[in-house]
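Here's the letter readout for the chains.
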Amino acid sequence: GAGVSQTPSNKVTEKGKYVELRCDPISGHTALYWYRQSLGQGPEFLIYFQGTGAADDSGLPNDRFFAVRPEGSVSTLKIQRTERGDSAVYLCASSLGSGPDAFFGQGTRLTVV
Amino acid sequence: QKEVEQDPGPLSVPEGAIVSLNCTYSNSAFQYFMWYRQYSRKGPELLMYTYSSGNKEDGRFTAQVDKSSKYISLFIRDSQPSDSATYLCATSSSNTGKLIFGQGTTLQVKP
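Read on for an overview of the structure. Quick caveat: nothing in here was measured; it's all calculated off a predicted structure.

## Looking at the interface of chain A and chain B
And step 1. Listed as interface residues are 22 residues of chain A and, on the opposing side, 20 residues of chain B.
And step 2. For chain A, the biggest contributors to the area lost against chain B are Pro100(A), Phe104(A) and Gln106(A); these three give 30% of the whole.
And step 3. Where chain A touches chain B, the interface holds one salt bridge.
And step 4. The salt bridge partner of Asp56(A) is Lys98(B), with a shortest N-O separation of 2.7 Å.
And step 5. For the interface between chain A and chain B, the tally reads nine residue pairs in polar contact (both at pLDDT 80 or more).

Have a look at this one:
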């Protein structure tokens, strides 16, 4: 596709459940980023992939959060034992191998009830 | 103190006005400075980015960085109602998309 695609666009889950959020980056972009955006705040960095490997996962808040990118394209953000505080918009971005200009998807709005 | 500070507004201006949006940052290692526009319930859209100090112009938009004062600005000339959105500044110390964002400023341009 022309842009970064994220699915689902909305996800409602019960506290304690497991969720997976998917990101399909721009074709040819080797770098992929996950961010989290709470209401009224700017996005906060979670993790960055260069190819298949996680180059920087310093933003993951705890070990309930995990992300993979097994073939260097699509990425999945996985959240175990969800908590109400995990409710936010999860944004994915991609960029060419070098350069700070990241292009964002529309986000997945996660609500934990 | 946050690494990037941005007044959340809201900022309301009449159509045609010149808009000035600003951020300050604390880390002198930041080298890349970005401005994103975010419409309600949409992802951030990259407007422009600059490297180090100086100005960059793109149509009605001008980005300005003053590293000596750690101050970032975005100017919008001849503002339009379609410019109504949240504007996010972002910085990076590396040549990657690992960005630190400000809180965002909500702008409303009234017809």
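Anyway, onward from the coordinates.
## Some thoughts on the layout of surface pockets
And step 1. Estimates place the volume of the largest pocket at around 600 Å³.
And step 2. In terms of lining, the largest pocket is formed by 24 residues, of which the most central are Gln37(A), Leu39(A), Arg109(A), Gln38(B) and Arg41(B).
And step 3. Counting residues per element, the ones that place at least two in the lining of the largest pocket are strand E9 (88-95) and strand E11 (108-112) of chain A.
And step 4. Class assignment of the residues belonging to the lining of the largest pocket gives a composition of six nonpolar, 15 polar and three charged.

## Quick notes on the pairing of strand E6 (residues 54-58) of chain B
All names here are of chain B.
And step 1. The sheet contact formed by E6 and strand E7 (residues 61-66) spans five bridges and is antiparallel. By the bridge assignment, Glu57 is partnered in E7 with Thr62.
And step 2. Remark: two residues form the turn of the hairpin made by E6 and E7, two consecutive strands paired antiparallel; Gly59 in that turn has positive phi of roughly 65°.

## Notes on the state of the cysteines
Residues and elements named next belong to chain A.
And step 1. The full count for this structure, using the stated rule, is two disulfides over all chains.
And step 2. With its sulfur 1.9 Å from that of its partner, Cys23 forms a disulfide with Cys92. Taking the torsion about the S-S bond as the criterion, the Cys23 to Cys92 disulfide, at about -70°, is left-handed. Of this pair, Cys23 sits in strand E3 (residues 19-24) while Cys92 sits in strand E9, placing them 69 residues apart in sequence.
And step 3. Taking the relative accessible area as the measure of exposure, Cys23 reaches 0% and is therefore buried.

## Description of the pairing of strand E8 (residues 71-76) of chain B
Residues and elements named next belong to chain B.
And step 1. Where strand E3 (residues 19-25) lies against E8, six bridges are found, and the strand directions are antiparallel. Each residue of the ladder has a partner; that of Thr24, found in E8, is Tyr71.
And step 2. In this structure, E7 lies alongside E8, joined through six bridges in antiparallel fashion. Looking across to E8, one finds that Ala63 is bridged to Leu74.

## Section: the packing of aromatic side chains
And step 1. What the rule picks out here adds up to ten aromatic pairs over all chains.
And step 2. Seen from their ring centres, Tyr33(A) and Tyr48(A) are 4.8 Å apart, and the 10° between their planes marks the pair as stacked. Placement of Tyr33(A) in strand E4 (residues 31-37) and of Tyr48(A) in strand E5 (residues 44-50) is noted, with a sequence separation of 15 residues between them. Of the two residues, Tyr33(A) and Tyr48(A), both sit in the buried class.
And step 3. Between Tyr25(B) and Phe33(B), the aromatic rings sit 5.2 Å apart at their centres with planes inclined by 45°, giving tilted as the arrangement. No difference in accessibility class separates Tyr25(B) from Phe33(B), as the two residues are buried.
And step 4. Three or more aromatic residues joined by ring pairs form one cluster here, namely Tyr35(A), Phe45(A), Phe104(A), Tyr36(B) and Phe101(B).
And step 5. Sitting over the ring of Tyr49(B), Lys56(B) keeps its end group 5.1 Å from the ring centre.

## Describing unusual backbone geometry
And step 1. Omega for the peptide link from Thr7(A) to Pro8(A) comes to -10°, which places this bond in the cis form.
And step 2. Residue position: Pro8(A) is located in the loop between strand E1 (5-7) and strand E2 (10-13).
And step 3. Cis geometry is found at the peptide bond from Gly9(B) to Pro10(B), where omega equals 10°.
And step 4. Inspection of the secondary structure assignment puts Pro10(B) in the loop between strand E1 (4-6) and strand E2 (11-14).

Conventions used here
- Residues numbered from 1 in each chain as written.
- Chains lettered and ligands numbered in written order.
- Predicted model: local features only at pLDDT ≥ 70, side-chain atom pairs only at ≥ 80, totals over all residues.
- Heavy atoms only, no water.
- Contact = heavy atoms within 4.5 Å.
- Buried area = accessible area lost by both parts, 1.4 Å probe.
- Salt bridge = Lys/Arg side-chain N within 4 Å of Asp/Glu carboxyl O.
- Polar contact = N/O pair within 3.5 Å; in protein donor to acceptor, adjacent residues only side chain to side chain.
- 1 Å grid on protein atoms, 1.4 Å probe; cavity = no way out; pocket = protein on both sides within 12 Å on 5 of 7 lines; lining within 4 Å.
- Points joined across faces, edges and corners; volume = space filled by probe spheres on them.
- Helix = DSSP H or I, 4+ residues; strand = E, 2+ residues; numbered from the N terminus.
- Nonpolar A, V, L, I, M, F, W, Y, C, P; charged D, E, K, R; others polar.
- Pairing = 2+ DSSP bridges.
- Disulfide = S-S within 2.5 Å.
- Buried < 20%, exposed > 50% of the residue type's maximum accessible area, 1.4 Å probe, protein only.
- Phe/Tyr/Trp six-rings, centres within 6.5 Å; stacked < 30°, edge-to-face > 60°.
- Lys NZ or Arg CZ within 6 Å of the ring centre and 35° of its normal.

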